[in-house]
Protein chains: 2
Amino acid sequence: MDLAKRRGFFWPSYEIYGGVAGFYDLGPLGTMLKNNIVNLWRKYFVLKHQDMVVEIETPIIAPEVVLRASGHLEHFTDPIVECLKCGRKYRADHLIEEQLKVKVEGLRGDELTKIIRESNLRCPSCGGELSKVMEFNLLFRTTIGPYSSDVGYLRPEAAQGMFTAFKRVYVALRERLPLGIAQIGRVARNEISPRQGMVRLREFTIMEVEFFHNPESDEPPWDRFSGKLRILPAELRARGEERPIEVDVNEAVTEGLIKSKWLGYWMCVARDFVHELGVDYGEMYFEEKMPYERAHYSVQTFDQLVRVSRWGWIEVSGHAYRTDYDLRRHMEFSGQDLTVFKPYPEPKLVEVKRVVVDRALLGRVLGGSLKELEEVLRKLRAEDVEKLLATGSGEVEVGGFRVPREAIRVVKEVEKASGVRIIPHVAEPSFGAERLVLVVLDKAYTEEGGRVVLRIPKAIAPIKVAVFPLVEREELISLAKRIYWELVDRGFTVLYDESGSIGRRYARADEIGVPFAITVDFQSLEDGTVTIRDRDTRQQVRVKIGELPNQLRGLLEG
Amino acid sequence: MDLAKRRGFFWPSYEIYGGVAGFYDLGPLGTMLKNNIVNLWRKYFVLKHQDMVVEIETPIIAPEVVLRASGHLEHFTDPIVECLKCGRKYRADHLIEEQLKVKVEGLRGDELTKIIRESNLRCPSCGGELSKVMEFNLLFRTTIGPYSSDVGYLRPEAAQGMFTAFKRVYVALRERLPLGIAQIGRVARNEISPRQGMVRLREFTIMEVEFFHNPESDEPPWDRFSGKLRILPAELRARGEERPIEVDVNEAVTEGLIKSKWLGYWMCVARDFVHELGVDYGEMYFEEKMPYERAHYSVQTFDQLVRVSRWGWIEVSGHAYRTDYDLRRHMEFSGQDLTVFKPYPEPKLVEVKRVVVDRALLGRVLGGSLKELEEVLRKLRAEDVEKLLATGSGEVEVGGFRVPREAIRVVKEVEKASGVRIIPHVAEPSFGAERLVLVVLDKAYTEEGGRVVLRIPKAIAPIKVAVFPLVEREELISLAKRIYWELVDRGFTVLYDESGSIGRRYARADEIGVPFAITVDFQSLEDGTVTIRDRDTRQQVRVKIGELPNQLRGLLEG
């Protein structure tokens, strides 16, 4: 952490004002590293899949209706208690876990309140009595425009921008499924009291794909990514197991351990992506979340965990099978049709359910409101109407109207269909970029004889090459600077350093992970060659100055 | 605009909910184009200046104190009136200008109110009476964490993150000036009622450099960028002149037309960057803002204007000479020292002003408060104390204390100094990325014989190459797909299209600006060559399939 601050990878934001918990700046090296990680992510999740994945960019601010539809207004909360004496606020579950050393994850607010009351937990700061546990919504709230009723929120995930734009993208791309929509951008989560520095941020860069597909038919391109996954299923966790098992992704899907083949596919992509960041396969696995740990929109979620030296196992990505939850909700809240038409290979006879109403009877009961009721019914699926009817006996309530049960029926009909309208299902891999910066630095950090060497994978190292004159002599400096500018012009990120002994300069470059250091020495003046030193092996080779760009490119690509 | 929506460049956000004014999504092609523009900006402003400019990334959410210090809480406002009958709100100056056809820019709120009263302006919607004009703050307001008193705002510019982190970056980079800190990221401005679609957004991507320098000594590298600038000075505008003059940047600086050489330097960089986006030098100029048009932090501002077919002249960048305003304000509000030490080549004798107090006299007047007063004085510059003393006669007020004038004196002393502490000055070039997307599309749009060709500069075209089988024949399709994947693996963005006539496919590719189209025909099967067609010349050349990646790279780089 000292190195990160001192050399400019990251530091707490607004330090001159004492900082604000949960906010970090990325410094010059941190920003370069993050940008390289983002581009590598883009390579794996977008470019290598450009036959079916596209990237879009949508706003951070969303109007209230979007986050009401998505379920976040209702569900995106953490439990909170307030001290009735000093007014301090605490995250209730964390307070209980810290004070009582018990696990309370998944308990409801009233259950947490009960524990607080029974254990007579008090405010850790002033000893005052604690309020009952309330739900604190983690959305940052604001107002759009001059009217205070136009409430908006900062998005807690990029996903909703992709769901609300789905139809537009689908049509622009000539109505093909499967269709992945990717987005890289800022999100914000108003954590109650974030600790853990860079691990738990209130604002961070998310990289996610909403992968829209027909769960019945679309098949992943297993020839690109497949193979073994280390997973820890919820069922095993429930039995106290803490070690992951290794399974072939296809078997895991077939056996139902992974409930969506696309979820499994993107987990394979995530595995290889994180591996390229410098994480051994043995130091990562996918932990299935327990039902009470999952977000409200997911029927199955795996977290990709990576072991780092400072925090143990931390989550670097989440893989949620969101089914058709989000599109369905947005259809309900917007009244728009977000289904897609899937033609059959050839027309076939299908059984469909249809809602039939007794208009004469309903007209007598409802009078002029009949039209309104019909409007409501049109928006419901026949299956939902069936369920509704099953609930009442003499009368049922539909859209605020009480009507006789026998006035509405769901009938089955057979018709010839050339295809079917479906709501696509969604598998979602989702990463936090800043946390990957941490992981890369943690994995790269090595100490050798009291010196730090950051063995950042060469392809994502912030600065690719250093240029040094062997000593501070004018001819050497002038040649070194010429080489510096030559490499800058060729698009390299280059460090020029002429101060201190050559050993110290190598050390300074190693400390920030520069893969290659070029030294201009007296021989350079004679024969136009320089040495290239490899950060990891410390081996040096001599090359012609004119061949540097190509040599370096070759070395960087391994 | 139709093309932009239909082919997926951009569209209004949250369309399924009727949209929200001032918010746009970038679609797949728009996002690629924007990313290419961002990278080109990075090349000009960061990579080509990597000896003195670094990029960082700071949060979008800022605590209140930061925006109080920056002056935005006080000054970042627009005038607003409310209808006292229906409650509708209007931007006061726009309402007056639309209704009365007069220019009112720069008038104060009370002056606008007077015009409304005297002209008996009423609510355009209901005819109701209008309130007096108030100032509406354009910052999106929110709360950080669970305490409602912890107010935060979305940043309206990226700049403040760079100012608050300045010292940290300066130290990490071994305390050198000049030092540019660049940032690319989202900002938000809560416009009262944005119109003009993509031109006036409430949320957009800013790309800016805060260039910290010593105005006395640091000299721009004129060998990299210099030459002629078309500018329209405020003085000429005041005289009704609307045509820019062409000046050499060095002369403009020498003659005082441009008040900072670094401001002029970055305007040259901006000129060439925007030119590479496809804008002729004759279709852009820099308009100096009148004093009442400038932001509160700037002593001189130029807007870079570009002529587009749809909106006429629009602003694509702003160039503000912020002096030491921001660092000075953050020093005052944070109490931290943000000065930098500039050593002299050799120690020299300098005259310094020093504040001397008569402690005996003040002790009698103030008693125990003397210490407090001394604390206040320590934070003031001697020059400021001098000014203060000049205001009073018998007594003066200093930090809330009234003290006898003769108890405080400013004396001049000569001392030997090895250097001086200065507050760096700042020149700031600032761009909006989405607006540049618009400009590029506007400039690229051409119609030829009823067909649209987007002549996007090849280096920033979203999709670089299209691959077509001449007809839908299995051997051709299979070879075309092999080429597609080969190019994807080499990092190209590629479009594969096999449906419809080859002419229609060329047209579809032209319409989204794909620079090169490869066609696989029957000759390809025989001799392993394909044709490459140039979007702009429509000329075709035949090349060996194996040479495609290098050929394309060469063609793209011109």
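Residues numbered from 1 in each chain as written. Chains lettered and ligands numbered in written order. Predicted model: local features only at pLDDT ≥ 70, side-chain atom pairs only at ≥ 80, totals over all residues. Heavy atoms only, no water.

### Remarks on the overall build of chain A
- When helices and strands are counted, chain A shows 20 helices and 28 strands.
- Counting only C-alpha atoms, chain A reaches 105 × 70 × 55 Å along its principal axes.
- Taking all contacts inside chain A whose residues are at least 6 apart in sequence as the whole, residues at least 24 apart take part in 67%.
- Here chain A displays about 24,300 Å² of accessible surface, and carbon together with sulfur accounts for 47% of that area.
- Taking the average location of the 82 positive side-chain charges in chain A and that of its 85 negative ones, the two points are 1 Å from each other. (Helix = DSSP H or I, 4+ residues; strand = E, 2+ residues; numbered from the N terminus. Contact = heavy atoms within 4.5 Å. Areas by Shrake-Rupley, 256 points an atom, 1.4 Å probe, with all protein chains shown as cover. Lys, Arg positive; Asp, Glu negative; His and termini not counted. Charge placed at Lys NZ, Arg CZ, Asp CG, Glu CD.)

### Let's talk about the side chain of histidine 72 of chain A
- Within the element layout of this structure, histidine 72 of chain A appears in helix 4 (residues 72-75).
- Ignoring sequence-local partners within four residues, the contact set of histidine 72 of chain A consists of Leu67, Asn137, Leu139, Pro156, Glu157, Gln160, His296 and Tyr297 of chain A.

### Regarding the relation of the copies chain A and chain B
- Once chain A has been moved 0.0 Å along the axis and rotated by 180 degrees, it coincides with chain B to within an RMSD of 0.3 Å. Expressed as an axis order, the relation between the two copies is that of a two-fold axis. Closest approach to the rotation axis within chain A is made by the C-alpha atom of threonine 142 of chain A, at a distance of 2.7 Å.
- A share of 100% of interface residues in chain A that are also interface residues in chain B marks the association as one of identical surfaces. (Least-squares fit on C-alpha atoms with pLDDT ≥ 70 in both.)

### So, the state of the cysteines
- Within the structure shown, the criterion is met by zero disulfides over all chains.
- For the unlinked cysteine cysteine 86 of chain A, the closest cysteine sulfur is that of cysteine 83 of chain A, found at 3.6 Å. (Disulfide = S-S within 2.5 Å.)

### Considerations on the interface of chain A and chain B
- On the chain B side, the residues contacting the 83 residues of chain A number 83 residues.
- Approximately 6,700 Å² of surface area, both sides summed, lies buried where chain A meets chain B, with 58% of it carried by carbon and sulfur atoms.
- Of all residues in chain A, Tyr14, Tyr17 and Glu57 of chain A bury the most surface against chain B, accounting for 12% of the area lost on that side.
- Our count for the contact surface shared by chain A and chain B stands at eight salt bridges.
- The shortest N-O distance in the salt bridge between lysine 34 of chain B and glutamate 57 of chain A comes to 2.5 Å.
- Remark: the boundary between chain A and chain B carries 40 residue pairs in polar contact (both at pLDDT 80 or more).
- At five residues, helix 2 (residues 28-45) of chain A tops the list of elements feeding residues into the side of chain A that touches chain B. (Buried area = accessible area lost by both parts, 1.4 Å probe. Salt bridge = Lys/Arg side-chain N within 4 Å of Asp/Glu carboxyl O. Polar contact = N/O pair within 3.5 Å; in protein donor to acceptor, adjacent residues only side chain to side chain.)

### Examining the pattern of salt bridges
- Overall, the coordinates contain 108 salt bridges over all chains when judged by the stated rule.
- A salt bridge links glutamate 397 of chain B to arginine 402 of chain B; the shortest N-O distance between them is 3.6 Å.
- Here arginine 402 of chain B falls in the partly exposed class, since its relative accessible area comes to 44%.
- Linking glutamate 448 of chain B and arginine 538 of chain B is a salt bridge whose minimum nitrogen-to-oxygen distance equals 2.7 Å. Here glutamate 448 of chain B, found in strand 22 (residues 445-448), pairs with arginine 538 of chain B, found in the loop between strand 27 (529-534) and strand 28 (540-544); they are 90 residues apart in sequence, far enough to count as distant.
- The exposure class assigned to arginine 538 of chain B is partly exposed, which follows from its relative accessible area of 40%.
- Overlapping salt bridges, with partners in common, bring together Glu448, Arg455, Lys458, Asp534, Arg535, Asp536 and Arg538 of chain A in one network. (Buried < 20%, exposed > 50% of the residue type's maximum accessible area, 1.4 Å probe, protein only.)

### Looking at the packing of helix 13 (residues 359-366) of chain A against helix 14 (residues 370-379) of chain A
Residue and element names in this part refer to chain A.
- Closest axis-to-axis distance for the helix 13/helix 14 pair is 9 Å, and the angle between their directions is 120 degrees. Classified by the angle between their axes, helix 13 and helix 14 sit oblique to one another. Between helix 13 and helix 14, the contacting residues are Arg359, Leu362, Gly363 and Leu366 on the first element and Leu370, Leu373 and Glu374 on the second.
- Here the residues of the contact of helix 13 with helix 14 are counted per class, giving four nonpolar, one polar and two charged. (Axes fitted to C-alpha atoms, helices over the stretch in contact; angles between N-to-C directions. Parallel < 35°, antiparallel > 145°, perpendicular 65-115°, else oblique. Nonpolar A, V, L, I, M, F, W, Y, C, P; charged D, E, K, R; others polar.)

### A short note on the nonpolar core
- Ranked by size, the top nonpolar core spans 252 residues in total, and within it Phe273 of chain A together with Phe273 of chain B carry the most contacts.
- If we skip the residues at most four places from it in the chain, phenylalanine 273 of chain B touches Ile37, Leu40, Trp41, Tyr44, Phe45, Phe431 and Leu436 of chain B. (Core = buried A, V, L, I, M, F, W, Y, C linked by side-chain atoms within 4.5 Å.)

### Topic: the environment of valine 199 of chain A
All names here are of chain A.
- Structurally, valine 199 can be placed in the loop between strand 10 (179-188) and strand 11 (203-213).
- Sequence-wise, valine 199 and arginine 155 are 44 residues apart; in three dimensions their C-alpha atoms are separated by 19 Å.
- Apart from the residues within four sequence positions on either side, valine 199 is in contact with Trp311, Arg435 and Leu438.

### What to know about a nonpolar patch on the surface
All names here are of chain A.
- The grouping of Val471, Phe522 and Leu525 at the surface amounts to a nonpolar patch, some 220 Å² of accessible area in total.
- Structurally, valine 471 is set in the loop between strand 24 (465-469) and helix 17 (474-489).
- For valine 471, a relative accessible area of 34% puts it in the partly exposed group. (Patch = residues over 30% accessible without salt bridge, like charges linked within 9 Å, V, L, I, M, F, W, Y side chains within 5 Å.)

### A word on the confidence of the model for chain A
- Residues at a pLDDT of 70 or more form 100% of chain A, whose mean pLDDT is 94.
- This complex was scored by the predictor with a pTM of 0.90 and an ipTM of 0.90. (pLDDT = per-residue confidence, 0-100.)

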